[in-house]
Amino acid sequence: MSPTIKKITWLLLFLAAVIFYRLLLVYPTADYDSFIGLNWEQGARPERRECYFQGDAIIAQEFCRSSSFKLTRNIIEFVYKSRADFKLQVKSKDGEQIAQFIVPLSIVNEEQKKYFIPFQFTVSPEHIGKDVYIQVSAASAVFQQLTVKRRLNFFRAAAGDAWVQPLKGGRLVICVLLGAALALFILKCGPYLTKTANFALLVLALSALVHFKMPLSFYADEWNILIKSVDEGWRMIFQSHNEHFIPLFFALYFIQLKVFGSWYLGYSLVTYLLFMLSVLSLDKFLAALFYKNSNTITRRMLLLFFAISCLQAEVLQWPFVQCLLLMQVFVLWGFCFGLQYLRENKSLALIKANILLLLACLSFGNGLAAFALVGLVCILELAINGHFNRRAVLRLGIISMLAAVLVLVLYMFTEVLQAPSAQATMASEFSTGKIVRRFLAYLFIGSQLGTILRGLGLFPFLSLYAPNELLNAVPFIRYFPEITLALCGLLVSLLAMGLTFKTKKNNRSVIGVYLISQAWLIISLLLPAIGRWIYCYQQSLSLRYQHLAFVGICIFAYYIISDAKLKNALARKCLTVILALHLASQFWAVSNDLDFQSRASINLNYLKEVAQWSEILKQERISTYEAKQTHYNQLYPEKPLYFGAGLSGKELIPYLFP
């Protein structure tokens, strides 16, 4: 077989694996169609039925039955609150059972008692058009409470179910095959990476291949910014957002709102371009840091793995996190100029470094950590290249501190540092020591489990609560699963450092670079730990905070492989297998992560509900959104939990449905 035919065959196999993988990322969701209002027999209140019952272990007691309704679609959503599992049956008018389901409890603690949750079920399409009713019964012999809403939602099945479901069963095989194909591709495309334009396009293509998912929708904070931009115009740029004062990012987002409007794909395109710029900036940073031992091909191969990493999922799927990408670009370029100043003692480089770090702070609040990282530049320079200009370091430190003070002064003119409730909470928790424990747990778990173990593909799960999912499988980590897994991450990094002693002449340099990489991880998570400790250590696994921290892994990883020369054929094959398994774990994690897809689907369906509801109110000439004191009472759509703080669909109608 000729070399050309081999290349074409390999390329076709690679494209086939890519197509199958993209099909894995298809998220078949039900599409909202319409709603119907129901009355529940023996209900004390018109909008819901509160039922207390004593079930029977063998024959469950009926305690709720709906009025008759016509099935217009075969996917139905039932909204409820319950302290225990219960049985839901769909029956025809003559009593024939069409479907039966066990609905799980929704109330585990007092906090959850406030919330209704949906239960979506499917009946056979052959029953569409029939008159049916719903019967609810006890599922156990336990005295419990159930609250049922009057509204039923109907959905259409999403296209593609028949194609996607068989592939889901072979997901692991497809991920392994694609991992092998992509590992070979990256290892063989070295000469192609020497040109920056080629490298940039490859970063863009591979990151989109792995992470781009449909459907797309505004999410959470974006809704608030959308309304502020319409109501207040450009003045919203200078408002604070949670703990952040980020006018530079708000200016960028405001421009996108004006250009793209509700076309969310446009925001995603900007996100991928910013991500590409961020990876190019990291390439420049590593080249500047290891300038004596810098290999373009090796460095860029490493950064392709960085671009594909599952830790980039949230950064690339939620355009609001452009603020973090923008910050990282400024931070990395600021460090490049800082290094230039330390080596060449040029005042212009010092000025550029601090201006860029200042811009990083005005892009995302975590940019303040860049000033804490300034000292690391000096230590890195000493550990790696043996240079240490005390006078230059002193000037760099003083000017950086002044820039940090300037940022804090800007913050004082906003509401960010004026949150008495947060201050009171911190004061009360500090006295008990709880804040210290949570703070340290946040840093340790976030860096060792969240960044190292997950970033290396050894823990391929992206959920904040993924460690708890291992409780049944691995009994010995039942009691502190996050701490145990974080210790595993620390041991893996220590093992990597130990193995590096055999390939490097200067063991002190190895230890220095390792400690610097760990310090980078921890300092990158420092401000999120201060601002988010109250949400407990699971929040430290949030992917958006891992992007800057992941640079710490890249520093040590590149230091290890910068002068590696694998002349042994067996060693090269082993490396290829390891890289293939690493990539397979990344694909596995991303293909299992449906968080943003499911939330986008929920948001889009909610907007359709709101549009339908507004049309009903318009036709009925009802001005009150909740339509109280009419037969539509309590039938209006309820806002999803993560839709947007303080927003209702009514507020969004003028902007999205003019």
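Residues numbered from 1 in each chain as written. Predicted model: local features only at pLDDT ≥ 70, side-chain atom pairs only at ≥ 80, totals over all residues. Heavy atoms only, no water.

Visitor: Account for the overall build of the protein chain, with residues named and values stated.
Guide: On a plain count of helices and strands, the protein chain comes out with 22 helices and 10 strands. Residues classed as buried in the protein chain amount to 52% of the 658 residues present. Long-range contacts, defined as pairs at least 24 residues apart, comprise 81% of the intrachain contacts of the protein chain with a sequence gap of at least 6. About 30900 Å² of surface is accessible on the protein chain, with carbon and sulfur atoms providing 64% of the total. (Helix = DSSP H or I, 4+ residues; strand = E, 2+ residues; numbered from the N terminus. Buried < 20%, exposed > 50% of the residue type's maximum accessible area, 1.4 Å probe, protein only. Contact = heavy atoms within 4.5 Å. Areas by Shrake-Rupley, 256 points an atom, 1.4 Å probe, with all protein chains shown as cover.)

Visitor: Please set out the nonpolar core residue by residue, giving values where relevant.
Guide: Ranked by size, the top nonpolar core spans 134 residues in total, and within it Tyr21, Leu282, Phe285, Leu304, Ile555, Phe587 and Trp613 carry the most contacts. Counting 25 residues, the second-largest nonpolar core is a separate cluster that includes Trp40, Cys64, Val90 and Phe101. (Core = buried A, V, L, I, M, F, W, Y, C linked by side-chain atoms within 4.5 Å.)

Visitor: Talk me through helix α19 (residues 546-561); I want residue IDs and the actual numbers.
Guide: With 16 residues, α19 extends 22 Å between its outermost C-alpha atoms, agreeing within 8% with the 22 Å of an ideal straight helix rising 1.5 Å per residue. For α19, the buried fraction is high: 13 of the 16 residues fall into the buried class. (Expected span 1.5 Å × (residues − 1).)

Visitor: A description of the pattern of salt bridges should follow, citing residues and the corresponding values.
Guide: Following the criterion strictly, the structure yields 10 salt bridges and no others. With a shortest N-O distance of 2.3 Å, lysine 608 and aspartate 31 are connected by a salt bridge. Taken together, the positions of lysine 608 in helix α21 (residues 595-620) and aspartate 31 in strand β1 (residues 31-37) put the pair 577 residues apart, joining distant regions of the chain. The exposure class assigned to lysine 608 is partly exposed, which follows from its relative accessible area of 36%. (Salt bridge = Lys/Arg side-chain N within 4 Å of Asp/Glu carboxyl O.)

Visitor: Tell me about the packing of helix α7 (residues 264-289) against helix α10 (residues 322-344), and name the residues and values.
Guide: A pair of packed helices is characterised by two quantities: the angle between their axes and the separation of those axes. Taken N-terminus to C-terminus, the directions of α7 and α10 make an angle of 20 degrees; their axes are 9 Å apart at the nearest point. Taken together, the axes of α7 and α10 are roughly parallel relative to one another. For the crossing formed where α7 meets α10, the hand is left-handed. The residue inventory of the contact of α7 with α10, partitioned by class, reads 17 nonpolar, five polar and two charged. (Axes fitted to C-alpha atoms, helices over the stretch in contact; angles between N-to-C directions. Parallel < 35°, antiparallel > 145°, perpendicular 65-115°, else oblique. Left-handed = near helix turned anticlockwise from the far one by under 90°. Nonpolar A, V, L, I, M, F, W, Y, C, P; charged D, E, K, R; others polar.)

Visitor: Any details on the side chain of arginine 300? Residues and values, ideally.
Guide: Residue placement: arginine 300 occurs in helix α8 (residues 296-308). Setting aside its immediate chain neighbours within four residues, arginine 300 contacts Leu193, Thr194, Lys195, Thr196, Phe199 and Asp283.

Visitor: So what about empty space enclosed by the protein? Which residues, and what values?
Guide: Counted under the stated rule, the structure contains three cavities of 30 Å³ or more. Put simply, the largest cavity is a space of about 150 Å³. Contributing to the lining of the largest cavity are 18 residues, with Pro215, Leu216, Gln317, Phe596 and Ala600 lying nearest its centre. Counting residues per element, the lining of the largest cavity draws most heavily on α21, at five residues. Its residues placed into classes, the lining of the largest cavity shows 10 nonpolar, six polar and two charged. (1 Å grid on protein atoms, 1.4 Å probe; cavity = no way out; pocket = protein on both sides within 12 Å on 5 of 7 lines; lining within 4 Å. Points joined across faces, edges and corners; volume = space filled by probe spheres on them.)

Visitor: If you had to explain the confidence of the model for the protein chain to someone new, which residues and values would you point to?
Guide: Confidence in the prediction of the protein chain, expressed as mean pLDDT, is 77, and 76% of residues score 70 or more. The spread of mean pLDDT over the elements of the protein chain runs between strand β2 (residues 48-53), the lowest at 42, and α7, the highest at 92. Residue range residues 415-427 is modelled with pLDDT below 50. Its contacts to residues more than four positions away, or to other chains, number 16 contacts. (pLDDT = per-residue confidence, 0-100.)

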